[in-house]
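Spelled out from the first residue to the last, the chains are:
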Amino acid sequence: MAKILVVEDDQDLNRAYGIILRHEGHDVVAAFDGQEALDKLADFTPDLILLDLLMPVMGGLEFLQQWSGTKKNPHAKVLIFTNMENSPEVAEAYKLGAHRCIIKSWTAPHNLAKVISDSLDGKASVIRQKQAAK
Amino acid sequence: MSQFDDPSPKSQLTAHEQRAEAEALFTSIGDGAISTDEFGRITRVNPAAQELLGYSEEELIGTWFPKKIVAVTAEDKPITLIDRPITKAFLTGKPIAEKTYYRRKNGQKIALSVNASPILLNGKPLGAIEVFRDITLEQEIDRMKSEFISLASHQLRTPLSAIKTYTHMLYDGYSGKLNQSQKKSLNTIISASDRMNELISTLLNITRMESGTIGVTPKLLRIDKIAEEVVKELSLTASSKSVKLSAGTKGHRSTSIKTDALIVKEIITNLASNAIKYTPESGSVSLVVRPQAASIIIDIVDSGWGIPKDSQDQVFSKFFRAHNIVKRETTGTGLGLYLVKGLVDALGGRIWFVSDEEKGTTFSFSLPRRDISSGRIKRD
């Protein structure tokens, strides 16, 4: 089980991701824009952030910039979940530390669950390698 | 006699009249025009150029053009003498058309479309002439178009994502167990939304390409890494059909090249997803990067149904779908390879294929190692 912060402005999709990820046994907190996500990070330390890019108030890229400035929970992995396929915004998100990008309208729930599980496994193995190195 | 009657033959004009006519022609060009001698010193400048650059004729005549009028890139880096269109035109003896930025007298940067040509007398270059036009407004419109397309893409896909996600959730039993007939109906919704999604994606990309709003931004990148990224991203699609998808490199030359990463990825993704789509279950698709001395070739090799010989000359045409495929695979727009060809052309590359029906197809494209220029691409 992992802690996941879902940042998605579309209420229907945000709700759906919550249902799918809770069904997989994860602890899910929802935010509907980048600013709300930053606020939630004050008392929630996710292992993974599922981040939309185009959102009102504060978009995903600005969230990534502001979040790296706060240095809060820097080890959380960021999965970009967007419909802006092959866009400069996605390239920028990678530069700002995003781990992987998934196209929403191509991704079925079981695939979303698998990508998240793979990403978390990857993270676990990096942590294991670091511990072994010590 | 009206001004349009009985024009005198050119041979009857005196040398003085001919010079005056040439001067009048030069002065009345609506675009900025500057001519130089063989050393790059400005010999003539028309009023439009003076207005665009903010200098008077007296301030420009006799000065060294590359030093007086500084050319910069979009990122504000100075363009070296050898890369200036007028230098290239003078040295190659051929006309050069490029987009560039000049700095005005007040320091302001203006975007220009530049056409430079050598002035030749009996094959010997006497100097060069440059005609330039302010494209600031065009660039702004391009940027707005690009932003609109991006936003439209997002807005069209958001409801589609909700349709697809909730349909999948119903199918996967999140709201209770379903019978086979109900599942079959949901599968129809899923495949219809996939088709809609594919159509949005392709149409938006073609709109971008045909309207010239796809920006080409060359950067040094490794093609083998991009092929690996595509394999990673398409792995779920391939495994759902039990198609083995892999990427590898042949040869020891460098796989680094200066080109546009997003466009290359779009090309490889399109070709690889096509290959998966038109390969039967348990087949294979492999991406092979073959670095050469002057280019890098990327092969997309599949063990699919192949393209019939009698249709092979139409493969890159808009809306073309091979007759052997239409029977097997009803989805598809016939736009993917048209788009891919346009993108490969934009990167200065070449695309070709070899196909045997029932055995498979290898699509190959090459990317030149020589520098490609930044800017917008446009498909005629």
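Source: prediction; values computed, not measured.

**Quick word on the sheet that holds strand β4 (residues 77–82) of chain A**
Two modes of strand pairing occur in sheets, parallel and antiparallel, and in both the strands are linked by backbone hydrogen bonds. All names here are of chain A. With parallel pairing, the 5 strands of this open sheet are ordered in space as β2-β1-β3-β4-β5. Where the open sheet ends on each side, the last strands, each with one partner, are β2 (27–31) and β5 (100–103). The sheet shows a mean angle of 20° between the axes of neighbouring strands, direction not considered. Inspection of the sheet shows β4 paired to β5 by 4 bridges, in the parallel sense. Paired with L79 across the strands is R100, a residue of β5. Lying over the sheet, helix α1 (residues 11–23) contacts β1 (3–7), β2 and β3 (48–51), oriented at roughly 170° with respect to β2.

**Looking at the interface of chain A and chain B**
Residue-level contacts link 21 residues of chain A with 21 residues of chain B. Residue assignment for the side of chain A that touches chain B shows that the elements contributing at least two residues are α1 and α5 (109–133) of chain A. Considering every element that reaches the side of chain A that touches chain B, the biggest residue donor is α1(A), with 6 residues. Of the residues in the side of chain A that touches chain B, the class split is 10 nonpolar, 7 polar and 4 charged.

**Observations regarding the packing of helix α3 (residues 60–70) of chain A against helix α4 (residues 88–95) of chain A**
Residues and elements named next belong to chain A. Closest axis-to-axis distance for the α3/α4 pair is 10 Å, and the angle between their directions is 15°. In terms of orientation, α3 and α4 fall into the roughly parallel class. Where α3 crosses over α4, the two elements pack in a sense that is left-handed. Between α3 and α4, the residues in contact are G60, L61 and L64 and E89, E92 and A93, respectively.

**Notes on the packing of helix α7 (residues 180–210) of chain B against helix α11 (residues 336–346) of chain B**
Between two packed helices, the angle of one axis relative to the other and the distance separating the axes together describe the packing. All names here are of chain B. At their nearest, the axes of α7 and α11 sit 10 Å apart, and the two run at 35° to each other. Taken as a pair, α7 and α11 cross one another with a handedness that is left-handed. Here α7 contributes T202, N205, I206 and M209 to the contact with α11, which in turn contributes G336, L339, G342 and L343. Residues that form the contact of α7 with α11 fall into these classes: 4 nonpolar, 4 polar and no charged.

**As for the sheet that holds strand β3 (residues 71–72) of chain B**
Overall, antiparallel pairing links the 6 strands, which are arranged β2-β1-β6-β5-β4-β3 (chain B) in an open sheet. The sheet terminates laterally at β2 (42–45) and β3 of chain B, the two strands that pair on one side only.

**Description of helix α8 (residues 223–240) of chain B**
All names here are of chain B. Taking 1.5 Å of rise per residue, the 18 residues of α8 would be expected to cover 26 Å, and the 26 Å separating its terminal C-alpha atoms lies within 8% of that figure. Of all the bends in α8, the largest measures some 50° and sits at L234. Within α8 the residues assigned to the buried category are I223, D224, I226, A227, V230, L234 and A238. Phi turns positive, to about 55°, at S242, one or two residues after α8.

**Examining the environment of V301(B)**
All names here are of chain B. The topology assignment puts V301 in strand β12 (residues 295–302). With 13 residues separating them along the chain, V301 and V288 place their C-alpha atoms 7.8 Å apart. Excluding residues within four positions of it along the chain, V301 makes contact with S286, V288, G360 and T362.

Reading guide: rules and limits
Residues numbered from 1 in each chain as written. Chains lettered and ligands numbered in written order. Predicted model: local features only at pLDDT ≥ 70, side-chain atom pairs only at ≥ 80, totals over all residues. Pairing = 2+ DSSP bridges. Helix = DSSP H or I, 4+ residues; strand = E, 2+ residues; numbered from the N terminus. Axes fitted to C-alpha atoms, helices over the stretch in contact; angles between N-to-C directions. Contact = placed C-beta atoms within 7 Å. Nonpolar A, V, L, I, M, F, W, Y, C, P; charged D, E, K, R; others polar. Parallel < 35°, antiparallel > 145°, perpendicular 65-115°, else oblique. Left-handed = near helix turned anticlockwise from the far one by under 90°. Expected span 1.5 Å × (residues − 1). Bend = angle between axes of the 7 residues up to and from the residue. Buried ≥ 20, exposed ≤ 12 C-beta atoms within 10 Å, placed from the backbone.

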